Amino acid sequence: MKLTGREKSELFFEGVVTVILLLLLNLSIVVLINQAIAHNPGLQNGIFEIKRSIKLGPTDYQLWSYENLFVALMLIADGFVLYWRLIRRYKQMQLRHIISELHYIAAGHFDHRIGFSLTGDTQRVVESVNALVDSAIHSMDEEREIERSKDALITNVSHDIRTPLTSIIGYLGLIENHQYQSEDDLVKYTHIAYNKATQMKSLVEDLFEYTKVRQTETPLTISRLNVTAMMEQLAASFELEANKKHLKIEVETGTAPIYLEADAEKLGRVFNNLITNAFKYGTGAHKVILQAEQRGEEVVIRVANDGQRIPADSLGMLFERFYRVEESRSKATGGSGLGLAIAQSIVQHHGGYIYAQSDDALTSFVIHLPVKHDHPLTKKEQKIAN
């Protein structure tokens, strides 16, 4: 920390005043002691005998003046007192600088940090202040992001509900006003209205599920799961749909069973979403691969397909609410856009994490889950795994 000219003057004045006061104190003590000795012959004789008996060094030097020794000791003590006073005043100046920096930050300069380096506890105060400001800025950014997400949520929900609702009202209006030519037209209009209502129901259910899994206080029904058996069951349950799309489901889990502690129902929802996502978006794919392996205290599960590659700039946004790689938001090519967000929330609730990878060979969604539910994966482990 660099002192200003005024602060240097303050330190100099503090030192001068302290030295003068200490010298006056020393002089007063010497005078009082001399007076006490002068009025006490017994004390004079005792001091004389002590001085004769004290011999210093190899030459047996005798200390004939106690005042020299006393003054030397007093000067040493004065040096300590002077040092303590100057350090105390310097720390007060440091604190004053910190308070000034805090007022500057509090005035709205949130990009400012306390830049000077100190020592000891004062430096820890500076580091704590900077960390506190960083945390506050991060919280403010998160709050703004939440507000932005809420606005996007309202916009997307309004769009996704308004579109089918407009069709439902339109076709039901034709039926209500008898604006159809034949019984076939009536059946056609009714069928279209029914499909649009089904889309709305699916969106509402996804919204409800997403809201529910986002609530961290929602309890999980934890049990010991055989991941190998679950992968086999998933492949069998999707086999018919895969055949319709000319896809093959392959399971790669090894020979030894893999176990972990998780909520079977919610984890099944994750895999259902990922496999359904592969069916919908795996353009040109010939197979869907389900892999699982245990790595120490975590289980790594991969749902992959050999379809069209996902653009690199879209990988980081796949798990955002309502995000779709295709921007038309067409129900013919995609769902509500909540499937991956729901999957991510469930995985995080289990103490794990999920991310996407895509190249010319495979597009993969990789899940890392702890073997023991009460031992969630740490951020350090997540960073290493990525």
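Per an unreviewed UniProt entry, the protein goes by histidine kinase and derives from Lactiplantibacillus songbeiensis. Under the Catalytic activity (unreviewed entry) heading, UniProt states for the protein: "ATP + protein L-histidine = ADP + protein N-phospho-L-histidine."

Asks: Can you walk me through the overall build of the protein in this structure?
Replies: Each helix and strand counted, the protein has eleven helices and nine strands in total. The 386 residues of the protein split such that 33% are buried. Contacts in the protein between residues at least 24 apart in sequence constitute 67% of all its contacts with a sequence separation of at least 6. Here the protein has roughly 24100 Å² of accessible surface; of this, 58% comes from carbon and sulfur atoms.

Asks: I would appreciate a short explanation of the packing of aromatic side chains in the present structure.
Replies: The geometry of an aromatic ring pair is captured by two quantities: the separation of the ring centres and the angle between the planes. With the rule as written, the count across this model stands at three aromatic pairs. Pairing Tyr 171 with Tyr 189 gives two aromatic rings, centres 5.4 Å apart and planes at 40°, and the pair type is tilted. Of this pair, Tyr 171 sits in helix α4 (residues 120-176) while Tyr 189 sits in helix α5 (residues 183-214), and the two are 18 residues apart along the sequence. With relative accessibility at 15%, the residue Tyr 189 sits in the buried group. For the ring pair Phe 238 and Phe 279, a centre distance of 5.8 Å and an interplane angle of 70° mean the geometry is edge-to-face. Note that Phe 238 is positioned in the loop between α6 (227-237) and α7 (239-244) and Phe 279 in helix α8 (residues 264-281), a separation of 41 residues in sequence. Each member of the pair, Phe 238 together with Phe 279, is buried. The ring of Tyr 259 has Arg 224 lying over it, and the distance from NZ or CZ to the ring centre is 3.9 Å.

Asks: Can you help me understand a nonpolar patch on the surface in this one?
Replies: Where nonpolar side chains cluster on the molecular surface, the patch consists of Phe 12, Val 16, Ile 20, Leu 21 and Leu 24 and spans about 500 Å² of accessible area. One can find Leu 21 in helix α1 (residues 5-38).

Asks: Would you mind showing me how to read the side chain of Ser 364 here?
Replies: Here Ser 364 lies in strand β9 (residues 363-370). For Ser 364, the contacting residues outside a window of four places in its chain are Arg 302, Val 303, Ala 304, Tyr 355, Ala 356 and Gln 357.

Asks: How should I be thinking about the sheet that holds strand β8 (residues 353-358) in this particular structure?
Replies: Picture the strands of a sheet paired through backbone hydrogen bonds; they go either parallel or antiparallel. Reading across the sheet, the five strands line up as β4-β6-β7-β9-β8 and stay open at both edges, with mixed pairing between neighbours. A single partner strand is all that each edge strand has here, and the edge strands are β4 (248-252) and β8. Ignoring strand direction, the axes of neighbouring strands in this sheet form an average angle of 15°. Relative to the sheet, α6 contacts β4, β6 (287-295) and β7 (298-305), its axis offset from that of β6 by approximately 175°. Contacts from α8 reach β4, β6, β7, β8 and β9, with the element oriented near 170° to β9.

Asks: Could you clarify how one ought to interpret the UniProt feature "transmembrane region" (unreviewed entry) in the protein in this entry?
Replies: Residues given the UniProt feature "transmembrane region" (unreviewed entry) here are residues 12-33 and 69-87. A helix fraction of 100% and a strand fraction of 0% characterise residues 12-33, whose end C-alpha atoms lie 32 Å from each other.

Asks: In this structure, what is going on with the nonpolar core? I would like to understand it.
Replies: In globular proteins that are soluble, nonpolar side chains generally tend to be buried together. Ranked by internal contacts, the top residues of the largest apolar core, which has 48 residues, are Met 231, Phe 271, Ile 301 and Ile 367. No other element matches the seven residues that α8 contributes to this core. Core analysis: the second largest hydrophobic core is formed by nine residues, Ile 98, Ile 105, Val 126 and Val 129 among them.

Asks: Please explain the pattern of salt bridges as it appears in this structure.
Replies: Once the charged atoms of two side chains with opposite charge are near each other, the side chains can pair. For the structure on display, the rule yields nine salt bridges. A salt bridge links Arg 85 to Glu 14, with the nearest nitrogen and oxygen atoms 2.5 Å apart. Taken together, the positions of Arg 85 in helix α3 (residues 66-106) and Glu 14 in helix α1 put the pair 71 residues apart, joining distant regions of the chain. Arg 85 sits in the partly exposed class, given a relative accessible area of 28%.

Asks: Sorry if this is basic, but what is going on with the pairing of β6 here?
Replies: Consecutive side chains along a regular strand alternate between the two faces of the sheet. Where β4 and β6 come together, five bridges link them in parallel fashion. Note on β6: the bridge partner recorded for Glu 252 is Gln 291. Across eight bridges, β6 lies against β7 in antiparallel orientation. Residue Gln 291 lies in a different strand from β7, and its bridge partner there is Arg 302. What sits between β6 and β7 in their antiparallel hairpin is a turn of two residues, with Gly 296 showing a positive phi close to 65°.

Quick notes on the rules
Residues numbered from 1 in each chain as written. Predicted model: local features only at pLDDT ≥ 70, side-chain atom pairs only at ≥ 80, totals over all residues. Heavy atoms only, no water. UniProt positions renumbered as here; feature names shortened; annotations may be inferred. Helix = DSSP H or I, 4+ residues; strand = E, 2+ residues; numbered from the N terminus. Buried < 20%, exposed > 50% of the residue type's maximum accessible area, 1.4 Å probe, protein only. Contact = heavy atoms within 4.5 Å. Areas by Shrake-Rupley, 256 points an atom, 1.4 Å probe, with all protein chains shown as cover. Phe/Tyr/Trp six-rings, centres within 6.5 Å; stacked < 30°, edge-to-face > 60°. Lys NZ or Arg CZ within 6 Å of the ring centre and 35° of its normal. Patch = residues over 30% accessible without salt bridge, like charges linked within 9 Å, V, L, I, M, F, W, Y side chains within 5 Å. Salt bridge = Lys/Arg side-chain N within 4 Å of Asp/Glu carboxyl O. Pairing = 2+ DSSP bridges. Axes fitted to C-alpha atoms, helices over the stretch in contact; angles between N-to-C directions. Core = buried A, V, L, I, M, F, W, Y, C linked by side-chain atoms within 4.5 Å.

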